[in-house]
Structures are given as structure tokens and as C-alpha cells.
Amino acid sequence: MAVSLQLYSMREHTDQIALLAELPAMGISMVEGYGGVYGDPAAYRAAMDANGITMPTGHMGLADIEADFAATMEIVKTMGMQRVYAPYLEEKDRPTTKAGYVELAERLNAAAKLYAAEGIAFGWHNHDFEFVALEDGSIPMDILLENAPDVLWEADLAWIVRGNSDPLEYVQRFGSRLSAIHVKDIAEAGSNLEEDGWADLSAGTLDWTALLKACRAQSTGLIYILEHDKPTDPSAYAQRSAAAFETLWEASND
């Protein structure tokens, strides 16, 4: 199974173009884009093509989509993306009530309709804040998925754990909405503090064999994307985690 790599993980690499030439030897032929690599889309696409790399997915900020949808579509078309995900909200921009999250869901659904008209799938990428209960006890992630029927879900399962929720329960409950999976690991409590407590895949605490089995049971069309929010050695992280994913994928066949 081919695995993709979220390029945010590699933002500290000294040369983003040269990085693309390193990936095939790691067994990585797909990447997920983010704002840091969209500065010159044509040049970046040329470098991808030269190294046999594709970008089936990418992140686009909701504010950017709403401010200039056409500009985001130019990037999407140039890079060859098929699926776009809104990735995050700064804390100051996050709703604090159920009504606020319903309004956010409606904004996301409007964006999904714009992309759908261009033949592009659109979804939301979660962090941990969407799993923190509001004052009325409602869960933001539930509100978003229940009130944005056209929006798919790029599930970051490790962030669900950090949000003190059960990723397996969410995968099973909202499996029909899954579009992509961020594959990352959480270090033992108190360790890897210089990496914000994240770990290379299979070097942490998550049971990724079970998680992959659950995801595979929901859909055969998911894209799996490696990510580490703060690796101290990005290239070594990518190499080790790509190899670990291959092993985990085989184990999840059982």
C-alpha cells in the first residue's frame, strides 16, 4: 500500500525541492501539500514530476478559500490535487458554542459545494480541540460532521487520542465520512518533549495495527498520510515511518 507524507512534517528540511528527490528511495511517491509549498506551484509541480511524486491531497485554510476560491483552485489544479482539506482554526477563531459550530459547519459545507462543482472532494482535518465538550456537553466534531453533509473527514487519529476520545469509536461511527487518515504516533508520557510528545510511527503508544484494520474495514478508498508535527530529524523520521507503515499494513491484513 502506497503511503503519502504531509509536507508540514518536513518544513525544517533545508531544501524543499531537493527533498522531493529523497522521497522515492524511502518508498514515498505521494505528498500532501500545505501553505509552505504553494509559493510557486508551477515550479513545485515540475519538481514533483521530475521525481515521480504526486500530490493527491492538500490543505487549504478556510479563510483563504472564502477570500479567493479561484486562487485556491489554481493551486489545486497545478498540483494535481483530488481532495482538499481545511486543516485548522486558530484558537481566537474557534467557536465556543454549539450554534457557533453549526455556523462553521455551514461555511465548510458551502466550501465543499464550490469544490464539488470543480470535481474536487473537500473535507475537514481535525486536531484535538474538536473533541473538547462545550458548556452544553456537545462535542464540536459531532456538530461539524452532523451539520455539514457534503464535507468529508481527514481523520487525525492521534489528535483524537490527545482530545481524550476514542479513535476507534469515531472511525466506526463516522466511517462513511472518512476520506483520508493521518498516521502519526504519540510518545510515552513525559518523553520526546523536544518533539512535543510525538514519536516516529511504531515508536510510540498507539496500536496502529488495530487502527488500520478499523479504517480498512470502513473503506478501501482512503489515502494514508504520514505526519509528525515536530520531528527533530525530518528525513530520518520519514524514512523510518514509511518503513514502519509498510510493516503495519501487512500486519493489519490478518
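Counting of residues starts from 1 at the beginning of each chain's written sequence and follows it residue by residue. Given that the model is predicted, a residue must reach a pLDDT of at least 70 before its local features are reported, and side-chain atom pairs must reach 80 or more before they are shown or counted; all residues, however, enter totals for whole chains, interfaces and linings. Think of the side-chain values as coming from all heavy atoms in the structure, minus any hydrogens and water.

Undergrad: How should I be thinking about the environment of L226 in this particular structure?
TA: You can see L226 is positioned in strand β10 (residues 223-226). Since its relative accessible area comes to 0%, L226 is described here as buried. Here the alpha-carbon distance between L226 and Q172, two residues 54 residues apart in the chain, equals 21 Å. A run of H or I in DSSP becomes a helix once it reaches four residues, and a run of E becomes a strand once it reaches two; helices and strands are each numbered from the N terminus. Think of it in three bands: with a 1.4 Å probe and only protein chains considered, a residue is buried below 20% of the maximum accessible area for its type, exposed above 50%, and partly exposed in between.

Undergrad: Just to check I follow, could you spell out the nonpolar core for this structure?
TA: Within soluble globular proteins, side chains that are nonpolar generally end up buried alongside one another. The nonpolar core is taken to be a set of buried Ala, Val, Leu, Ile, Met, Phe, Trp, Tyr and Cys residues, with the residues joined through side-chain atoms within 4.5 Å. Of all hydrophobic cores here, the largest spans 80 residues; its most connected members are M55, Y115, F122, I181, W208, Y224 and L226. Here a residue-residue contact requires only that any non-hydrogen atoms of the pair lie within 4.5 Å. When neighbours within four sequence positions are excluded, I181 is seen to be in contact with A155, L157, W208, C215, L222, I223, Y224 and I225.

Undergrad: I'm lost on the pairing of β10 in this one. Help?
TA: For a regular strand, side-chain orientation follows a simple rule: the groups alternate between the two sheet faces. Residues I223 and I225 line one face of β10 and the alternating positions Y224 and L226 line the opposite face, and both faces are buried. Only strands that DSSP links by at least two bridges are regarded as paired with each other. Pairing of strand β1 (residues 3-6) with β10 involves two bridges; the strand directions are parallel. Paired with S4 across the strands is I225, a residue of β10. Where strand β7 (residues 178-183) meets β10, four bridges bridge the pair, whose relative direction is parallel. Note on β10: the bridge partner recorded for V183 is L226.

Undergrad: Is there a simple way to explain helix α4 (residues 69-79) in this structure?
TA: Given 3.6 residues to a turn, an α-helix orients residues that are three or four positions apart in the same direction. Of all the positions in α4, only F69, T72, M73, I75, V76 and M79 are classed as buried. The buried residues of α4 all sit within an arc of 160° when viewed along its axis, so they share a single face. By arc we mean the arc of the directions from the helix axis to the C-beta atoms, nothing more.

Undergrad: Would you explain the sheet that holds β10 in this entry?
TA: As summarised here, the arrangement of the eight strands in space is β1-β2-β3-β4-β5-β6-β7-β10, forming a closed barrel in which the pairing is parallel. Adjacent strand axes in the sheet meet at a mean angle of 30°, parallel and antiparallel pairs treated alike. Judged from the four bridges that link them, β1 and strand β2 (residues 28-33) form a sheet pairing that is parallel. In the sheet register, V3 faces β2, and the bridge partner there is I28. Across the sheet, helix α9 (residues 208-218) is in contact with β7 and β10; its angle to β7 comes to roughly 170°. Interaxial angles span 0 to 180 degrees and are taken between N-to-C directions of axes, which are lines fitted to C-alpha atoms, for helices over the stretch in contact.

Undergrad: Can you walk me through the pattern of salt bridges in this structure?
TA: The term salt bridge refers to a side-chain nitrogen of Lys or Arg lying within 4 Å of a carboxyl oxygen of Asp or Glu. Per the stated rule, a full pass over the model turns up eleven salt bridges. The closest approach of N and O atoms between E66 and R107, which form a salt bridge, is 2.8 Å. You can see E66 sitting in helix α3 (residues 62-67) and its partner R107 sitting in helix α5 (residues 98-116), a full 41 residues away along the chain. Judged by its relative accessible area of 42%, E66 falls in the partly exposed class. Across the pair K230 and D196 runs a salt bridge whose closest N-O atoms are separated by 3.8 Å.

Undergrad: I tried to follow the packing of α9 against helix α10 (residues 234-251) on my own but got confused; where do I start?
TA: Between two packed helices, what matters for the description is the angle formed by their axes and the separation of those axes. At a closest axis distance of 9 Å, the pairing of α9 and α10 adopts a crossing angle of 65°. The two elements α9 and α10 cross, and the hand of that crossing is right-handed. Facing W208, T209, L212, K213 and R216 of α9, the residues of α10 in contact are F245, L248, W249 and A251. Rotating anticlockwise by less than a right angle from the far helix to the near helix defines a left-handed crossing, while the corresponding clockwise rotation defines a right-handed one.

Undergrad: Even after reading the chapter, I still don't get unusual backbone geometry, so can you show me in this structure?
TA: Leaving glycine out, the prevailing phi sign among residues is negative, and the prevailing peptide bond configuration is trans. One non-glycine residue with positive phi stands out, namely N164, at about 60°. Along the chain, N164 falls in the loop between α7 (157-162) and α8 (167-173).

Undergrad: I tried to follow the pairing of strand β6 (residues 152-156) on my own but got confused; where do I start?
TA: Burial within β6 is extensive, with four of its five residues counted as buried. By the bridge criterion, three bridges tie strand β5 (residues 121-125) to β6 in an arrangement that is parallel. Paired with H125 across the two strands is E154, which belongs to β6. Note on handedness: a clockwise path from strand one over the helix to strand two, with the strands aimed away from the viewer, defines a right-handed crossover. Once the chain exits β5 it traverses helix α6 (residues 140-147) before rejoining the sheet at β6, and the crossover so formed is right-handed. For β6 and β7, the ladder comprises four bridges, and the chain directions are parallel. When the bridges of β7 are listed, D156 appears paired with H182.

Undergrad: Just checking my understanding: could you explain the environment of S165 for this structure?
TA: One can find S165 in the loop between α7 and α8. Separated by 49 residues in sequence, S165 and A214 place their C-alpha atoms 16 Å apart. Beyond its immediate chain neighbours, meaning those up to four positions away, S165 contacts F131, I160 and Y170.

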